[in-house]
Amino acid sequence: GAGVSQSPSNKVTEKGKDVELRCDPISGHTALYWYRQSLGQGLEFLIYFQGNSAPDKSGLPSDRFSAERTGGSVSTLTIQRTQQEDSAVYLCASSTDTANYGYTFGSGTRLTVV
Amino acid sequence: EDQVTQSPEALRLQEGESSSLNCSYTVSGLRGLFWYRQDPGKGPEFLFTLYSAGEEKEKERLKATLTKKESFLHITAPKPEDSATYLCAVQIRGSTLGRLYFGRGTQLTVWP
């Protein structure tokens with residue numbers, strides 16, 4: 001597609017449930033990033049993929065968070081046993097290898113844990 | 001500790017009233033400084049990248065400048081459609097290629 005696509009756009013879940021967030025990057029973009037944007041906070045880095053491997057997953061806040069990427073394309077961010085503090089907008093971005101021209105972000109998934 | 005600080009947090013301008021947004025950074029080594037615009041309910045949209053002190057970039061009513069300690073986003077004769085949150089971010093030498101460290105943003109409102 002022409003842009004980065006994320007789904008769902010909104011997700012409300014009960015505390016303790018697992019959720020999966022999907023990111024479909026721009027075709028041909030080898031680098032993929034996940035960020036989290038909490039109310040009143042700056043964007044917080046979660047994980048970086050180059051192809052299917054994740055050389056930097058240092059931003060994942062706990063072992064309840066995991067992510068994978070398949071076929072060098074679609075990525076899924078999974079949060080297990082969700083907590084209220086996980087409520088945020090989860091943003092995915094993709095770029096060419098060099099990332100010199102800035103990422104292209106998707107519109108995000110707004111996650112609300114009740 | 002590496003830090004990116006944006007000011008002011010919020011700015012209200014009348015249409016045509018020029019102003020500047022500030023992004024100050026304290027990093028061990030700057031690889032690049034990025035400006036993004038974010039509209040409500042949308043992801044950030046890339047505006048500029050600056051790499052070295054003295055560099056300037058322009059796009060329509062926006063001009064970004066960079067010094068060794070800070071960057072300014074100058075808005076000349078703004079229009080209501082310039083209303084958005086403007087985010088500053090840095091890439092740091094020695095960190096993951098492409099990983100950005102963001103400030104909290106400046107929310108700009110331009111009223112007619």
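Everything numeric in this text was worked out from a predicted model, so none of it was measured.

Draft legend 1. Spotlight on the pairing of strand S4 (residues 30–38) of chain B. All names here are of chain B. Within S4, 8 of the 9 residues are buried, which leaves it mostly tucked inside the rest of the structure. Looking at chain direction, S4 and strand S5 (residues 45–50) are connected through 5 bridges and run antiparallel. Looking at the pairing, Phe34 lines up with Thr49 of S5. In this antiparallel pair of consecutive strands, S4 and S5, the connection spans 6 residues, and Gly41 shows a positive phi of 75°.

Draft legend 2. Layout of the sheet that holds strand S7 (residues 62–66) of chain B. Residues and elements named next belong to chain B. Pairing in this open sheet of 5 strands is antiparallel, and the strands run S1-S3-S8-S7-S6 from one edge to the other. Each of the sheet's edge strands pairs with one partner strand only, and the pair in question is strand S1 (3–7) and strand S6 (56–59). Each neighbouring strand pair of the sheet contributes to a mean axis angle of 15°, computed without reference to strand direction. Sheet topology note: the strand S3 (residues 19–26)/strand S8 (residues 70–75) ladder contains 6 bridges and is antiparallel. Within S8, the residue paired with Ser24 across the bridge is Glu70.

Draft legend 3. Inspection of the nonpolar core at higher detail. Grouped together as the largest cluster of nonpolar side chains are 25 residues, with contacts concentrated most on B:Leu33, B:Trp35, B:Leu73, B:Tyr86 and B:Val90. Breaking this core down by element, the ones donating at least two residues are strand S2 (10–14), S3, S4, S5, S7, S8, strand S9 (84–92) and strand S11 (106–111) of chain B. With 5 residues, the top contributor of residues to this core is S9(B). Formed by 19 residues, the second largest nonpolar core is a distinct cluster that contains A:Leu21, A:Leu32, A:Trp34 and A:Ile79.

About the cut-offs
- Residues numbered from 1 in each chain as written.
- Chains lettered and ligands numbered in written order.
- Predicted model: local features only at pLDDT ≥ 70, side-chain atom pairs only at ≥ 80, totals over all residues.
- Heavy atoms only, no water.
- Buried < 20%, exposed > 50% of the residue type's maximum accessible area, 1.4 Å probe, protein only.
- Helix = DSSP H or I, 4+ residues; strand = E, 2+ residues; numbered from the N terminus.
- Pairing = 2+ DSSP bridges.
- Axes fitted to C-alpha atoms, helices over the stretch in contact; angles between N-to-C directions.
- Core = buried A, V, L, I, M, F, W, Y, C linked by side-chain atoms within 4.5 Å.

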